[in-house]
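Analysis of the macromolecular model
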Amino acid sequence: MANSASGMAVDDECKLKFLELKAKRNYRFIIFKIEGQQVVVEKLGSPDESYEDFTASLPSDECRYAVFDFDFTTNENCQKSKIFFIAWSPDSSRVRMKMVYASSKDRFKRELDGIQVELQATDPSEMSFDIIKERAR
């Protein structure tokens, strides 16, 4: 169903796959793209894929939304996990594309219940593994 504010619909598969990532941990990451007037799943990363696999899956010149399930160990030696929402908007992408992704982001993010950390990145250095580790704490 389209939202009048952004005119963007969210494919049910987006919510379904996100719930599987959150509850069953079936995926390490999900990459979403806007196709026509709706957000759709572009790629699912299997649980054994790494953060490097994830970042390599993002196009260098097009915007995407992504969710990454980050596992880490706290200073108290506890195993934890945080779900990151990443708005990927590379400088080299078209201005119109950046505007569409920016205007639809909050609406899309609200559909994914359980996101713990949000990151906005315009180049790979803004979402390096060190930044992910730092933001997870």
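In what follows, the accompanying structure is described. These numbers were taken from a predicted model, which means no experiment stands behind them.

1. Brief notes about the overall build of the protein
Helices and strands together make up the secondary structure of the protein, namely four helices and six strands. Scanning the protein from its N terminus toward the C terminus, one meets helices and strands in the order β-α-β-β-α-β-β-α-β-α. Relative to the 2.2 N^0.38 estimate, which gives 14 Å for 137 residues, the radius of gyration of the protein is 15 Å and therefore close to what a compact globule would have. With the C-alpha coordinates of the protein rotated into their principal frame, the extents come out at 45 × 30 × 20 Å. Counting every position in the protein, which comprises 137 residues, the buried fraction comes to 43%. In the protein, the share of contacts with a sequence separation of at least 24, taken over all contacts with a separation of at least 6, comes to 62%. Carbon and sulfur atoms provide 48% of the accessible area of the protein, an area that totals close to 7,400 Å². Between the mean site of the 21 positive side-chain charges and the mean site of the 24 negative ones, the protein shows a separation of 4 Å.

2. Some details on the environment of Ser-93
Considering the arrangement of structural elements, one finds Ser-93 in the loop between strand E5 (79-88) and helix H3 (95-111). In this structure Ser-93 touches Asp-61, Glu-62, Cys-63 and Lys-98, once residues within four positions along its chain are discounted. For Ser-93, the side chain forms a polar contact with the main-chain oxygen of Pro-90, separated by 2.6 Å.

3. Observations concerning the pairing of E5
Along any regular strand the residues' side chains alternate between the sheet's two faces. The sheet contact formed by strand E4 (residues 64-73) and E5 spans ten bridges and is antiparallel. For Arg-64, the partnering residue across the bridge sits in E5 and is Trp-88. What sits between E4 and E5 in their antiparallel hairpin is a turn of five residues, with Asn-77 showing a positive phi close to 70°. Relative to strand E6 (residues 117-121), E5 runs parallel, the two sharing five bridges. Paired with Phe-85 across the two strands is Glu-118, which belongs to E6.

4. Describing the nonpolar core
One finds Phe-32, Val-39, Tyr-65, Val-67 and Phe-108 to be the most contacted residues of the largest nonpolar core, which totals 22 residues. For this core, the secondary structure elements donating two or more residues are helix H1 (12-24), strand E2 (29-35), strand E3 (38-45), E4, E5 and H3. It is H3 that contributes the most residues to this core, four residues altogether. Every residue in contact with Phe-32, bar those within four places of it in the chain, is listed here: Cys-14, Val-39, Val-40, Val-41, Glu-42, Arg-64, Tyr-65, Ala-66, Val-67, Phe-108 and Leu-112.

5. What about the pattern of salt bridges?
Should their charged atoms come close, side chains of opposite charge can pair. Under the criterion given, the structure shown has 14 salt bridges. Two residues, Glu-20 and Lys-17, come together in a salt bridge whose shortest N-O distance is 3.9 Å. Here Glu-20 pairs with Lys-17, and both are found in helix H1, just three residues apart, close to one helical turn. Put simply, Arg-25 and Asp-71 hold a salt bridge, and the shortest N to O gap is 2.4 Å. With Arg-25 in the loop between H1 and E2 and Asp-71 in strand E4, the pair connects residues that are 46 residues apart, well separated along the chain. On the accessibility criterion, Asp-71 (32% relative accessible area) is partly exposed. One continuous salt-bridge network, built from bridges that share partners, spans Lys-33, Glu-35, Glu-42, Glu-62 and Arg-64.

Cut-off values and rules
- Residues numbered from 1 in each chain as written.
- Predicted model: local features only at pLDDT ≥ 70, side-chain atom pairs only at ≥ 80, totals over all residues.
- Heavy atoms only, no water.
- Helix = DSSP H or I, 4+ residues; strand = E, 2+ residues; numbered from the N terminus.
- Rg over C-alpha atoms; globule rule 2.2 N^0.38 Å.
- Buried < 20%, exposed > 50% of the residue type's maximum accessible area, 1.4 Å probe, protein only.
- Contact = heavy atoms within 4.5 Å.
- Areas by Shrake-Rupley, 256 points an atom, 1.4 Å probe, with all protein chains shown as cover.
- Lys, Arg positive; Asp, Glu negative; His and termini not counted.
- Charge placed at Lys NZ, Arg CZ, Asp CG, Glu CD.
- Polar contact = N/O pair within 3.5 Å; in protein donor to acceptor, adjacent residues only side chain to side chain.
- Pairing = 2+ DSSP bridges.
- Core = buried A, V, L, I, M, F, W, Y, C linked by side-chain atoms within 4.5 Å.
- Salt bridge = Lys/Arg side-chain N within 4 Å of Asp/Glu carboxyl O.

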